[in-house]
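As a plain string of letters, each chain reads:
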Amino acid sequence: MLIAFDSTQQALRAEMLLEYAEVEIDICPTPKEITAGCALSIHFPEEDLTRVKEVIDQERVEIRGIFKPIEAGYEQLEL
């Protein structure tokens, strides 16, 4: 799974919060299939989706969206 952001500040904030929540994450470049205002995205395992949503909601992290990889690129999830 992938989180895309509109700002680098929010990406770095989410990185810190998710690491504190003990979610296994990787910072990566935002794929070209996803239009976002920030070049950084965060990869995380699908089994952590519920925890990731909780952290984003509780801490009011501003995100572009959460995306699931599919054959043709990425599909945005409803939040």
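Residues numbered from 1 in each chain as written. Predicted model: local features only at pLDDT ≥ 70, side-chain atom pairs only at ≥ 80, totals over all residues. Heavy atoms only, no water.

By the naming in an unreviewed UniProt entry, the protein chain goes by DUF3343 domain-containing protein and is assigned to Paenibacillus pinisoli.

The next subject is the nonpolar core. Counting 21 residues, the largest nonpolar core has Ile 3, Phe 5, Leu 18, Phe 44, Val 52 and Ile 66 as its most contacted members. Of all the secondary structure elements, the ones that give two or more residues to this core are α1 (8-20) and α2 (49-59). Apart from the residues within four sequence positions on either side, Ile 3 is in contact with Leu 18, Ser 41, Ile 42, Phe 44, Val 52, Ile 56, Ile 63, Gly 65 and Ile 66. Within the second largest apolar cluster, five residues are counted, among which are Leu 2, Cys 28, Ile 34 and Phe 67. (Core = buried A, V, L, I, M, F, W, Y, C linked by side-chain atoms within 4.5 Å. Buried < 20%, exposed > 50% of the residue type's maximum accessible area, 1.4 Å probe, protein only. Helix = DSSP H or I, 4+ residues; strand = E, 2+ residues; numbered from the N terminus. Contact = heavy atoms within 4.5 Å.)

Glancing now at the pattern of salt bridges. On inspection of all chains with the given rule, the structure shows three salt bridges. Linking Lys 68 and Glu 46 is a salt bridge whose minimum nitrogen-to-oxygen distance equals 3.2 Å. Remark: Glu 46 occurs in the loop between β3 (40-43) and α2 and Lys 68 occurs in strand β4 (residues 65-70); sequence separation between them is 22 residues. Glu 54 serves as the salt-bridge partner of Arg 51, at 3.1 Å between the closest nitrogen and oxygen. With a gap of three residues between them, Arg 51 and Glu 54 both fall in helix α2, about one helical turn apart. Judged by relative accessible area, Arg 51 falls into the partly exposed class, the value being 33%. Classification of Glu 54 by relative accessible area gives partly exposed; the value is 36%. (Salt bridge = Lys/Arg side-chain N within 4 Å of Asp/Glu carboxyl O.)

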